[in-house]
Amino acid sequence: MDHNTTNATTGPKHIMGVIGWSGNGKTTLLSALIPELIARGHSVSTMKHTHHDFDMDQPGKDSYRHREAGAREVLLTSRKRWALLHELREEPEFEMDELIAKMAPVDILLIEGFKAHSYPKIEVHRPERGKKLLAHTDDSVIGVATNEEITDLKVPQIDLNDIGAVADFIIENMTRI
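Everything numeric in this text was worked out from a predicted model, so none of it was measured. (Residues numbered from 1 in each chain as written. Predicted model: local features only at pLDDT ≥ 70, side-chain atom pairs only at ≥ 80, totals over all residues. Heavy atoms only, no water.)

Chemist: It is not clear to me how the overall build of the protein chain should be interpreted in this structure. Could you clarify?
Modeler: Counting its regular elements, the protein chain contains 4 helices and 8 strands. Burial status across the protein chain gives 42% buried among its 177 residues. Considering only contacts in the protein chain between residues 6 or more positions apart, those separated by 24 or more positions represent 54%. (Helix = DSSP H or I, 4+ residues; strand = E, 2+ residues; numbered from the N terminus. Buried < 20%, exposed > 50% of the residue type's maximum accessible area, 1.4 Å probe, protein only. Contact = heavy atoms within 4.5 Å.)

See below:
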């Protein structure tokens, strides 16, 4: 699958990643960026990769008991939302492209994490944290959102504190993504 543009009937039209070291503000940026892009008329979904085990369910709830009993999938539904819990058991983790294909059509999919994948990315970088700049070694980084000027960048810098500028950058680059 081409990471840059997907079939509009089966998933997102455009994909932009947001990467960076832990504690640099990726989630904070996304939390402000999502409503900004929506206000500009774009539909937005997100995907986040975690290296930790997680459970959206709670012990003792019916859905939890269904999964513990061996159900491969449990679909939770209410009048406000639905969620499909898929148990991998001993199966390997899905590839990112397979997960993207399961998503509903939207204008923009923002992905937090999945650093090793080749989709276009904005790096969130705070020089004061002392971490190396990923943009120096990752050709898929097309911009760096930072709170300080960086002199040796080969990609555009965006003011991390200017959500409008970050949204502008994503929209301007949607022909590339």
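Chemist: What's the story with unusual backbone geometry in this structure? I'm lost.
Modeler: Negative phi is the rule for most residues except glycine; trans is the rule for most peptide bonds. Positive phi, close to 50°, is recorded for arginine 89, a residue that is not glycine. Notably, phenylalanine 114 is not glycine yet its phi reads approximately 55°, a positive angle. Considering the arrangement of structural elements, one finds phenylalanine 114 in the loop between strand E5 (108-112) and strand E6 (121-125).

Chemist: Can you walk me through the pairing of strand E4 (residues 82-86) in this structure?
Modeler: The side chains of a regular strand alternate between both faces of the sheet. Residues Ala83 and Leu85 of E4 are buried on one face, while the alternating residues Trp82, Leu84 and His86, pointing to the opposite face, are not. Between the end of strand E3 (residues 73-77) and the start of E4, which pair antiparallel, lie 4 residues. (Pairing = 2+ DSSP bridges.)

Chemist: I would appreciate a short explanation of the packing of aromatic side chains in the present structure.
Modeler: Ring pairs (aromatic) are described by centroid distance and by the angle formed between their planes. All chains considered together, the criterion is met by 0 aromatic pairs. Positioned over the ring face of tryptophan 21 is lysine 131, at 5.5 Å from the centre of the ring. (Phe/Tyr/Trp six-rings, centres within 6.5 Å; stacked < 30°, edge-to-face > 60°. Lys NZ or Arg CZ within 6 Å of the ring centre and 35° of its normal.)

Chemist: Honestly, the environment of arginine 67 in this entry has me stumped. Any pointers?
Modeler: Its place among the elements puts arginine 67 in helix H2 (residues 62-68). Residue class for arginine 67 comes out buried when judged on its relative accessible area of 6%. The spacing of arginine 67 and leucine 85 is 18 residues in sequence and 8.6 Å in space, taken between C-alpha atoms.

Chemist: Looking at this structure, I do not really get the sheet that holds strand E8 (residues 157-159). What am I missing?
Modeler: Overall, parallel pairing links the 6 strands, which are arranged E2-E5-E1-E6-E7-E8 in an open sheet. Of all strands in the sheet, those bounded by a partner on one side alone are strand E2 (44-48) and E8. Between one strand axis and the next, the sheet turns through 25° on average, direction left out of account. Strand direction decides the pairing type here: E6 and strand E7 (residues 141-146), joined by 5 bridges, are parallel. (Axes fitted to C-alpha atoms, helices over the stretch in contact; angles between N-to-C directions.)

Chemist: Would you mind going over a nonpolar patch on the surface with me for this structure?
Modeler: A cluster of nonpolar side chains, contributed by Leu75, Trp82 and Leu84, occupies part of the molecular surface with about 360 Å² of accessible area. A relative accessible area of 61% means that tryptophan 82 is categorised as exposed. (Patch = residues over 30% accessible without salt bridge, like charges linked within 9 Å, V, L, I, M, F, W, Y side chains within 5 Å. Areas by Shrake-Rupley, 256 points an atom, 1.4 Å probe, with all protein chains shown as cover. Salt bridge = Lys/Arg side-chain N within 4 Å of Asp/Glu carboxyl O.)

Chemist: Any chance you could explain the packing of helix H1 (residues 26-39) against helix H4 (residues 163-172) here in plain terms?
Modeler: Viewed as axis vectors pointing N to C, H1 and H4 meet at an angle of 65°, and their least axial separation amounts to 9 Å. It follows that H1 is roughly perpendicular to H4 by the angle criterion. Crossing of H1 over H4 shows right-handed handedness. Facing Leu29, Ala32, Leu33, Glu36 and Leu37 of H1, the residues of H4 in contact are Ile163, Gly164, Val166, Ala167, Ile170 and Ile171. Class assignment of the residues belonging to the contact of H1 with H4 gives a composition of 9 nonpolar, 1 polar and 1 charged. (Parallel < 35°, antiparallel > 145°, perpendicular 65-115°, else oblique. Left-handed = near helix turned anticlockwise from the far one by under 90°. Nonpolar A, V, L, I, M, F, W, Y, C, P; charged D, E, K, R; others polar.)

Chemist: Please clarify how the pairing of E7 should be interpreted in this entry.
Modeler: Of all 6 residues in E7, 6 are buried; the element is thus mostly enclosed. With 3 bridges joining them, E7 and E8 adopt parallel strand pairing. By the bridge assignment for E8, valine 144 is matched with glutamine 157.

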